[in-house]
Amino acid sequence: MGEEVTQTEFSGAHRQQYRRKVQLCLDVFEDMLAAASFDFDRPLTGMEIECNLVDNEYQPAMRNADVLASIADPAFQTELGAYNIEFNVPPRPLPGRSALELEKDVRASLNAAEGKANSSGSHIVMIGILPTLMPEHLSQDWMSESTRYQALNDSIFTARGEDIMIDIAGPEPLSVQSPSIAPESACTSMQLHLQVSPGEFADNWNAAQVLAGPQLAVGANSPFFYGHQLWAETRIELFAQATDTRPDELKTQGVRPRVWFGERWITSIFDLFEENVRYFPSLLPELSDEDPVAELAAGRTPSLSELRLHNGTVYRWNRPVYDVVQGRPHLRVENRVLPAGPTVVDMLANSAFYYGLLRTLSEEDRPVWTQLSFAAAEANFLSAARAGMQARLYWPGEGQVTPDELILRRLLPMAHEGLRRWGVAAEVRDRFLGVIEGRAKTGRTGAAWQVDTVRALQERGLTRPQALAEMLRLYCERMHSNEPVHTWDGPA
């Protein structure tokens, strides 16, 4: 959900004071990077899974307050839309067989939550974009009760001065205006965290940027929005447009978007926080009472609340995170590239692929990003979002290749090696990377299965809305089976 705020309106003087405080936090952060002891002796991984709620007809269920009250577990929290919830998976180390235990624990937690959600006539769905979501669902009472979300909506529209235009190309192009950030709530993702040392952060972030394209191609799961078939991972473009604070004139001037791939390889985590402060005005200028300079001088760890809050409103696909746990500061790379779903085993396969590759790529003597332009990495990312496993990706030494070639020939062996270096057990590597291999060989991602299934149902005479609802029903059945998506069949 992000940091909560206490108000929705801020004066000009308040915003100026917040800007000065953010700059002060940035200066303190720079001092900490030079001198402080960050916690990274036992690196931990973390995961957040954003989910949707549907009713018995597989239509959006605006009941997250009731569902969360039924679940009564602090690991489950609210999200932007009243039909969204988020599941925060407790951090844990990577080595050994811990991923198999994680799979069991996540399934048990989600099954328990599903059982309690059923008591209010709701079902939990892990999917990138809820395919039955239509404009009428987001016309009123769509937002969760939260001062943060209302303030975010108001700030974006104050900055824009006009409605948001959603204009996405694809097989069935969509062009529609929105008077709120409601379309953003359609984008549900899986976020992966890796705790790293200050000295290793830049290599890990650069590697994550390189991986964004291949990661998305093999993990796409968002082909439909408002009934239209758009990109393999429509969530990428929808999220960018739904939170855009720039009217057309500012876009033409080259003002940077808040949903941002970035524009260069980095040498320090400080580069990213400095860009955030330099390029982006505040959206949620909430001030804390902390004096970060005094905290650091007293030998305590400053929370840097303003810097963290500001960082949370710049939506990088790989985001830098500064956090404090039990008085100890640490740094994380937060990977926001992947959609939720289709199953727990698919999501853990995606995470194993990512963590394994990140380890190998970040430790290479001649890193791949020294042989690849940043613009090429971004082009790979957008190509994968549009076309999934049909994309064309550039890779040094290979030229333009399809994702299946790149994954099977180059990336899977590197992922195996990276997980081996992490100390991950062979049976874990084989189980989860075997799922990625299966997807690469068959070309069957969540997005491909959704499109094929809707097409088959429409050929049987169902209308598009009927086909989307029936596809989602079949999807949920298979989601609960925990059989990986590349093995799913179509409608019987």
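Here the structure is a predicted model, which means the values were calculated and not measured.

Caption draft 1: Seen up close, the overall build of the protein. Scanning the protein from terminus to terminus reveals 16 helices and 15 strands. For the protein, the C-alpha radius of gyration of 22 Å lies close to 23 Å, the compact-globule estimate for 492 residues. Principal axes of the C-alpha set define a box for the protein whose edges measure 70 × 50 × 45 Å. Relative to its full complement of 492 residues, the protein shows a buried share of 60%.

Caption draft 2: Just the pairing of strand β5 (residues 164–168), in detail. Residues of β5 alternate between two faces, with Ile164, Ile166 and Ile168 buried on one and Met165 and Asp167 left unburied on the opposite face. Both β5 and strand β6 (residues 174–178) contribute to a ladder of five bridges, which runs antiparallel. Looking across to β6, one finds that isoleucine 168 is bridged to leucine 174. Remark: five residues form the turn of the hairpin made by β5 and β6, two consecutive strands paired antiparallel; glycine 170 in that turn has positive phi of roughly 145°.

Caption draft 3: Spatial organisation of unusual backbone geometry. Cis geometry is found at the peptide bond from glycine 341 to proline 342, where omega equals -5°. Relative to the helices and strands, proline 342 is located in the loop between β13 (328–339) and α11 (344–362). Despite not being glycine, tyrosine 58 shows a phi value in the positive range, around 65°. The topology assignment puts tyrosine 58 in the loop between β1 (45–54) and α2 (64–71). Accessibility expressed as a relative area gives 16% for tyrosine 58, which makes it buried. With a phi angle near 60°, asparagine 482 is a residue other than glycine that sits in the positive phi range. In this fold, asparagine 482 is placed in the segment after α16 (464–481).

Caption draft 4: Just the packing of helix α15 (residues 446–459) against α16, in detail. Between α15 and α16, the least distance of the axes is 9 Å, while the angle of their chain directions is 130°. Relative to α16, the element α15 lies oblique. The two elements α15 and α16 meet at a crossing, and its hand is right-handed. Residues Trp449, Gln450, Thr453, Val454, Leu457 and Gln458 of α15 pack against Arg464, Ala467, Leu468, Glu470, Met471, Leu474, Tyr475 and Arg478 of α16. Residues belonging to the contact of α15 with α16 are distributed by class as follows: eight nonpolar, three polar and three charged.

Caption draft 5: Looking closely at the environment of methionine 165. With respect to the helices and strands, methionine 165 occurs in strand β5. Other than its neighbours up to four places away in sequence, methionine 165 contacts Arg160, Ser175, Val176, Gln177 and Gln241.

Caption draft 6: Inspection of the pattern of salt bridges at higher detail. In total, this model carries 33 salt bridges according to the counting rule given. Put simply, aspartate 244 and lysine 251 hold a salt bridge, and the shortest N to O gap is 3.9 Å. Residue classification places lysine 251 among the partly exposed positions, given a relative accessible area of 36%. Members of the salt-bridge network, linked through shared partners, are Arg359, Glu363, Glu417, Arg420 and Arg421.

Caption draft 7: Local environment of the pairing of β13. Among the 12 residues in β13, 11 count as buried, and that is most of the element. As paired elements, strand β7 (residues 189–196) and β13 share seven bridges and run antiparallel to each other. In the strand pairing of β13, histidine 193 is matched with glutamate 334. Relative to β13, strand β12 (residues 318–325) runs antiparallel, the two sharing eight bridges. Opposite arginine 319, over in β13, you have glutamate 334 as the bridge partner. The antiparallel hairpin formed by β12 and β13 contains two residues in its connecting segment, where glutamine 326 sits at a positive phi of about 50°.

What counts and how
Residues numbered from 1 in each chain as written. Predicted model: local features only at pLDDT ≥ 70, side-chain atom pairs only at ≥ 80, totals over all residues. Heavy atoms only, no water. Helix = DSSP H or I, 4+ residues; strand = E, 2+ residues; numbered from the N terminus. Rg over C-alpha atoms; globule rule 2.2 N^0.38 Å. Buried < 20%, exposed > 50% of the residue type's maximum accessible area, 1.4 Å probe, protein only. Pairing = 2+ DSSP bridges. Axes fitted to C-alpha atoms, helices over the stretch in contact; angles between N-to-C directions. Parallel < 35°, antiparallel > 145°, perpendicular 65-115°, else oblique. Left-handed = near helix turned anticlockwise from the far one by under 90°. Contact = heavy atoms within 4.5 Å. Nonpolar A, V, L, I, M, F, W, Y, C, P; charged D, E, K, R; others polar. Salt bridge = Lys/Arg side-chain N within 4 Å of Asp/Glu carboxyl O.

Keep in mind these numbers describe shape, not what the thing actually does.
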